[in-house]
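Structural characterization, general
One-letter residues, chain by chain:
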Amino acid sequence: MSDTTMPHTPTEARAEARTVSFRGGGFAPQRKRWVGGVVFVLLIAIAEWGTRSGWISALTLPKPSDVLETLIELHQSGLLYKHLSPSLSRLVVGAALGASLGVGVGVLIGLFSYIRAGLVPLVAAIFPIPKIALLPLFVIWFGIDEGSKYALIAFGTFTPTVVATYGAVDNVDRSLIRMGQSFGLSWLSIVRKIVLPGAMPGILSGLRISLAIAIILLVAAEMLGAEYGIGAYILEAGALYDLERLFAGVLILSVLGVVLSTVIGLIERHLLDWRS
Amino acid sequence: MDIRLENVSHSYDNFEVMRDISLEIPHGRIVCIVGPSGCGKSTLLRFIGGLERPKQGRVLQVGTPPADCLNPLTYIFQDFALLPWRSVAGNISLVLEDHGIKGAAAKEIIDDVLARTKLTDFAKALPKQLSGGMKQRVAIARALAVNPAVMLMDEPLSALDSQTRELLMDDLVSLWTRTPFTAVYVTHNLAEAVRLGHSIVVLSRRPGQIREIVHLDTPLAERQFGDPELDRQQRHLWQLMRDEARAADAELLDV
Ligand SMILES: Nc1ncnc2c1ncn2[C@@H]1O[C@H](COP(=O)(O)OP(=O)(O)OP(=O)(O)O)[C@@H](O)[C@H]1O
Ligand SMILES: [Mg+2]
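Residues numbered from 1 in each chain as written. Chains lettered and ligands numbered in written order. Predicted model: local features only at pLDDT ≥ 70, side-chain atom pairs only at ≥ 80, totals over all residues. Heavy atoms only, no water.

**Examining the UniProt feature "transmembrane region" (unreviewed entry) in chain A**
Residue and element names in this part refer to chain A. Stated precisely, the cut-off is as follows: UniProt positions are given in the numbering used here, feature names are shortened, and annotations may be inferred rather than shown by experiment. Helix and strand definitions follow DSSP, with helices as H or I runs of at least four residues and strands as E runs of at least two, each counted in order from the N terminus.
The sites that carry the UniProt feature "transmembrane region" (unreviewed entry) are, in the present numbering, residues 34-51, 91-115, 122-144, 150-169, 209-234 and 246-267. Secondary structure content for residues 150-169 is 100% helix and 0% strand, while the C-alpha to C-alpha distance between its ends is 27 Å. Along residues 246-267 the backbone is 100% helical and 0% strand, and the end-to-end C-alpha distance reaches 32 Å.

Right, here's the structure in full:
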């Protein structure tokens, strides 16, 4: 080893040579389609195996195959659609109302100083209120029927959408707006062709969160007074400690969440393919 | 159409940026503006383009722009300012749409400017697929599409490597030779200034004042890389700027 300490001598050439170790990996998310599926299958397989062999007691977790059976029954009796369709329509109406109002108000906050000064504190005050706490109020305002459920879901999706949207508008590259002005584009053109597309990534990732909140609120609303709906179904099953049906209901919600997130993912890939 | 600046002075709050600048930008000429960092070159260009108003003095348009001119004062930015979600053709059509030019009429203009900037094959490409030099050519094509009376360029080549810069300078020269345009060209790079400028305005350090205006008579097309006369002018400009630049640099360090 002593020869390596002597620099600039020919003996250095004979010193041990090693490949430079690689340390540049990671921090670059890639699409791996199957991993998510594998995790699901693995977890379910463990649960099935555990409940069958008995080291998970039937009171702790229902057997996945029983849950599946319950689901199939639900489908065959047509009850699934009786519960699913009112839930879906509440979700669609409520979330569409809340998200579109939220994007609208968020853009206005992003564009006008007075609206920003007036509304940002208000939004900050509304954001932390658990919207479920307001359900009785909504029942008085909008009636015990669908109205109060729409309102609850709309209100719950509204605030996170507003915050995400005005943050996204703030982050639009000012030099692009300057460019639009320098070419004499009208105010409306600048908003439509520069601000909105530029804010779209932020708006869509805000929408992901808003829609998850919408599902949570949907169930909450249905638990407090609905004959049909996934929430009502889960509440009923829970009251009877019928774990199979409880899990069947929860599974439907999860699937709903995955479907919504996939749809947003598709929209993102379609609208945002300009990002590398 | 000419541009005339009359006694333009400006300060941000109590921070004096430029003092008493009077300047004539004649039709069909390229006027280069050089000066040390922070002397107000970009600010001056924003005044000329109407993106900002000077505290004192005025910026005048002398004469009317030609009838087919859609946007008389048109910028080319250092950072290209292309919309990343629009294709090359889409970025050009952006500035035409507001003038009601769509469909076949727009396509004709787009094809023409893309051909002039040698980008015909890239009409459908997105900005992220282009190199820096090509992005700036798209920005130049976009500017040409609105038939500007005056082009305002703020260090348009500074973000590019030196080979690309040479190529783009050649492109600008050949564009100008075919159809002379009026331009105000802000740069740090004296080689660019002597290559492209019919006159070169040297500003002092902040507050920016005109130190000297150098006129170059060699036609643009005859200015070659390494031309001794241009080198002499470039050295002269550097003499003028060196002390200013050094002082400006020290000033920035003081802050
Ligand atoms: N909106 C602004 N508010 C306050 N100060 C500003 C503003 N814009 C520019 N300045 C200041 O005015 C001075 C001139 O700025 P300007 O950008 O015009 O310089 P420049 O000559 O273009 O510099 P560079 O060569 O670095 O591009 C700088 O010191 C800058 O900090
Ligand atoms: Mg500048």
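**Some thoughts on the side chain of Ser189 of chain A**
Applicable threshold: Any residue under 20% of the maximum accessible area for its type is buried, any over 50% is exposed, and the rest in between are partly exposed; the area is computed with a 1.4 Å probe on protein chains only. Any pair of N or O atoms that falls within 3.5 Å is considered a polar contact. Within protein, one atom must be able to donate a hydrogen and the other to accept it, and sequence-neighbouring residues count only if both atoms are side-chain atoms. Contacts are residue-level and defined by heavy atoms, with any inter-residue pair within 4.5 Å sufficient.
Considering the arrangement of structural elements, one finds Ser189 of chain A in helix H8 (residues 187-223). For Ser189 of chain A, a relative accessible area of 5% translates into the label buried. A polar contact is formed between the side chain of Ser189 of chain A and the side chain of Asp98 of chain B, at a distance of 2.5 Å. If we ignore the near neighbours within four places in the chain, the residues touching Ser189 of chain A are Ile194 of chain A together with Asp98 of chain B.

**Overview of empty space enclosed by the protein**
Residues and elements named next belong to chain A. Filter applied, for reference: A cavity, in this analysis, means grid points on a 1 Å lattice covering only the protein atoms where a 1.4 Å probe fits yet has no way out; a pocket is instead an open set bounded by protein on both sides within 12 Å along at least five of seven lines, and a residue lines either one if it has an atom within 4 Å of a point. Grid points are joined across faces, edges and corners, and a volume is the space filled by probe spheres set on the points. Each residue receives one of three labels: charged for Asp, Glu, Lys and Arg, nonpolar for Ala, Val, Leu, Ile, Met, Phe, Trp, Tyr, Cys and Pro, and polar for the others, Gly being one of them.
Evaluated as defined, the whole model comprises one cavity of 30 Å³ or more. Its volume calculated, the largest cavity comes out at about 30 Å³. Going through the elements one at a time, helix H5 (135-142) and helix H6 (146-170) are the ones with two or more residues in the lining of the largest cavity. Here the lining of the largest cavity is composed, by residue class, of five nonpolar, two polar and one charged.

**Overview of the site of ligand 1**
All names here are of chain B. What counts here: Distances are taken per atom, and a residue is near a molecule or strand as soon as one of its heavy atoms is within 4 Å of it. Each accessible area value is a Shrake-Rupley result obtained with a 1.4 Å probe; residue values ignore everything except the protein chains displayed when judging cover.
Around ligand 1, the structure places 14 residues, and the nearest of them are Gly38, Lys41, Ser42, Thr43 and His188. The separation between a nitrogen atom of ligand 1 and a polar side-chain atom of Tyr12 is 3.4 Å. Glu155 is positioned with one of its side-chain polar atoms (N or O) 3.4 Å from an oxygen atom of ligand 1. For ligand 1, whose free accessible area comes to 630 Å², the fraction covered by protein is 62%. Residue assignment for the shell around ligand 1 shows that the elements contributing at least two residues are strand E2 (15-25) and helix H1 (41-49).

**With respect to the pairing of strand E9 (residues 210-215) of chain B**
All names here are of chain B. Threshold: Pairing between strands is defined by DSSP: at least two bridges between the two strands are required.
Note that strand E8 (residues 199-203) and E9 share five bridges and pair antiparallel. From the neighbouring strand, Ile200 faces E9, where its bridge partner is Val214. As consecutive antiparallel partners, E8 and E9 are separated by six residues.

**Things to note about the nonpolar core**
Inclusion rule: Nonpolar core, defined: a set of buried Ala, Val, Leu, Ile, Met, Phe, Trp, Tyr and Cys residues in which side-chain atoms within 4.5 Å join the residues together. Residue ranges assigned to the domains are those given by an automatic or database domain assignment.
If you look at the biggest cluster of nonpolar residues, it comprises 134 residues, and the most contacted ones within it are Leu5 and Ile200 of chain B. Per element, the largest residue contribution to this core is 14 residues, and it comes from H8 of chain A. When residues of this core are sorted by domain, at least three fall in each of domain 1 (2-65 + 149-254) and domain 2 (82-148) of chain B. Setting aside residues up to four positions removed in sequence, Leu5 of chain B forms contacts with Ile21, Ser22, Leu23, Ile25, Leu44, Ile48, Arg58 and Val59 of chain B.

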